[in-house]
Amino acid sequence: MSQKVAVLGTGKIGEALLSGMIRAGWAPSDLLVTARRPERAEELRARHGVTPVSNAEAAKTADTLILTVKPQDMGTLLGELAPHVPADRLIISGAAGIPTSYFEERLAPGTPVVRVMTNTPALVDEAMSVISGGTHATDDHLAHAEEIFGAVGKTLRVPESQQDACTALSGSGPAYFFYLVEAMTDAGILLGLPRDKAHDLIVQSAIGAAVMLRDSGEHPVKLRENVTSPAGTTISAIRELENHGVRAALIAALEAARDRSRELASGSN
Ligand SMILES: NC(=O)c1ccc[n+]([C@@H]2O[C@H](COP(=O)([O-])OP(=O)(O)OC[C@H]3O[C@@H](n4cnc5c(N)ncnc54)[C@H](OP(=O)(O)O)[C@@H]3O)[C@@H](O)[C@H]2O)c1
């Protein structure tokens, strides 16, 4: 029996997921989508061959509902869904910062809920998606969420209590690397390079370093030591990074992101 999956609120993340699922082998005829604007719904049908439906129709028809609206729109969406979702449907939330208890309180008793925090590299199939189950989610439900989000990158199961820390590391993570590239490109300009050349040098160095970190099996300290020769150029740069407290700044920055994620999850603005 084919399992119908509906993506509700198909924006940037929802569409990335949808197209990843189709490339991974899901039949478009088993995929339903909802959108707020009719022209957006038609765009999704034309691009992916999926079926646009209303939120209520998706709730009645699909076995798995993936909710990818912005956190501030989740209350309205759940209000539309709640009267129609049978308690045996799996709810997967992709919204940052909303705990599984929020869904459990608003849906029929016993509804399984899985919370996923992905990140923007989902757009290029290099996501890091962190997955946690609510009170009624079984191992099979978590495996199903892993299969879906595995279509756009890596997945990792964590207890829900670690979701705020994961949001700080991987949810916001790509932004820190964009920021580093921006700052290093500025440094290239200071050193007399044109911006486009500086950008290319830094981006390719970032890609090379990322692939080595992923594939070499070496600890980052070892990889850095390999390019840090005695009295050489790299150690001169590292000394300045230490003098300017970059390591301490990163630790404090991620702690601040974790704390903000906790605040948002508890409902404060
Ligand atoms: N982008 C990221 O960096 C990122 C990373 C990780 C997780 N997330 C999470 O992923 C979720 C989606 O983010 P996004 O960047 O993909 O947002 P987005 O592009 O704004 O997508 C959300 C979509 O939901 C639609 N929508 C809103 N209310 C609706 C309703 N009641 N029924 C049907 N459709 C509705 C919106 O319609 P309109 O087009 O009319 O507004 C929009 O197309 C968020 O919860 C976010 O926390 C995002």
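Up top is the structure these notes are about.
Given the structure is predicted, the values throughout are model-derived calculations rather than measurements.

Rules and cut-offs
- Residues numbered from 1 in each chain as written.
- Predicted model: local features only at pLDDT ≥ 70, side-chain atom pairs only at ≥ 80, totals over all residues.
- Heavy atoms only, no water.
- Near = heavy atom within 4 Å.
- Polar contact = N/O pair within 3.5 Å; in protein donor to acceptor, adjacent residues only side chain to side chain.
- Areas by Shrake-Rupley, 256 points an atom, 1.4 Å probe, with all protein chains shown as cover.
- Buried < 20%, exposed > 50% of the residue type's maximum accessible area, 1.4 Å probe, protein only.
- Helix = DSSP H or I, 4+ residues; strand = E, 2+ residues; numbered from the N terminus.
- Arc of directions from axis to C-beta.
- Contact = heavy atoms within 4.5 Å.
- Pairing = 2+ DSSP bridges.
- Axes fitted to C-alpha atoms, helices over the stretch in contact; angles between N-to-C directions.
- Patch = residues over 30% accessible without salt bridge, like charges linked within 9 Å, V, L, I, M, F, W, Y side chains within 5 Å.
- Salt bridge = Lys/Arg side-chain N within 4 Å of Asp/Glu carboxyl O.
- Phe/Tyr/Trp six-rings, centres within 6.5 Å; stacked < 30°, edge-to-face > 60°.
- Lys NZ or Arg CZ within 6 Å of the ring centre and 35° of its normal.
- Parallel < 35°, antiparallel > 145°, perpendicular 65-115°, else oblique.
- Left-handed = near helix turned anticlockwise from the far one by under 90°.
- Nonpolar A, V, L, I, M, F, W, Y, C, P; charged D, E, K, R; others polar.

Visitor: Can you lay out the site of the ligand for me, pointing to particular residues and giving the numbers?
Guide: Around the ligand, a shell composed of 23 residues is seen, among which Ile13, Arg36, Arg37, Val69 and Thr120 lie nearest. Here an oxygen atom of the ligand and a backbone polar atom of Ile13 are 2.7 Å apart. Within the contact set of the ligand, an oxygen atom lies 2.8 Å away from a side-chain nitrogen or oxygen of Arg37. Contact with the protein chains hides 84% of the accessible area of the ligand, taken as 900 Å² for the molecule alone.

Visitor: Give me helix H4 (residues 74-81): which residues, what numbers.
Guide: Restricting attention to buried positions, one finds in H4 the residues Met74, Leu77, Leu78 and Leu81. All buried residues of H4 project into a common sector of 95° when viewed along the axis, lining one side. Residues of H4 that are buried in the fold lie against strand S1 (5-8), helix H3 (55-61), strand S4 (64-67), strand S5 (90-93) and helix H5 (100-106).

Visitor: Residues and numbers for the sheet that holds strand S8 (residues 153-157), please.
Guide: Pairing within the open sheet is mixed, and its eight strands lie in the order S3-S2-S1-S4-S5-S6-S7-S8. The strands lining the two open edges of the sheet, one partner per strand, are strand S3 (51-52) and S8. Bridging between S1 and strand S2 (residues 31-34) involves four bridges; their strand directions are parallel. By the bridge assignment, Val7 is partnered in S2 with Val33. The strands touched by helix H1 (residues 12-23) within the sheet are S1, S2 and S4, with S2 carrying the most contacts at an inclination of about 170°.

Visitor: Quick rundown of a nonpolar patch on the surface? Include the residues and the values.
Guide: Taken together, the side chains of Phe177, Leu180 and Met184 make up a nonpolar region of the molecular surface, amounting to roughly 320 Å² of accessible area. By the element assignment, Phe177 lies in helix H8 (residues 173-190). The exposed category is assigned to Phe177, whose relative accessible area is 58%.

Visitor: Describe the packing of aromatic side chains, listing the residues and the values that go with them.
Guide: What the rule picks out here adds up to one aromatic pair. Here Tyr102 and Phe103 contribute two aromatic rings whose centre-to-centre distance is 5.6 Å and whose plane-to-plane angle is 75°, an arrangement assigned as edge-to-face. Note on Tyr102: relative accessible area 22%, which makes it partly exposed. Residue classification places Phe103 among the buried residues on the basis of a relative accessible area of 1%. In this arrangement the basic side chain of Arg106 is found over the ring face of Tyr102, its NZ or CZ atom lying 3.6 Å from the centre.

Visitor: Explain the side chain of Ser170 residue by residue, including any values.
Guide: Mapped onto the elements, Ser170 comes out in helix H7 (residues 163-171). If we skip the residues at most four places from it in the chain, Ser170 touches Asn119, Met128 and Val130.

Visitor: Please provide a residue-by-residue account of the packing of H7 against helix H12 (residues 246-265), values included.
Guide: Close contact between H7 and H12 brings their axes to 8 Å; oriented N to C, the two are set at 130°. As far as their axial angle goes, H12 and H7 are oblique. Of the two elements, H7 crosses H12, and the hand of that crossing is right-handed. In this structure, H7 uses Asp164, Ala165, Thr167, Ala168 and Leu169 to contact H12, whose residues at the interface are Leu254, Ala257, Arg258, Ser261, Arg262 and Ala265. Its residues assigned to classes, the contact of H7 with H12 shows six nonpolar, two polar and three charged.

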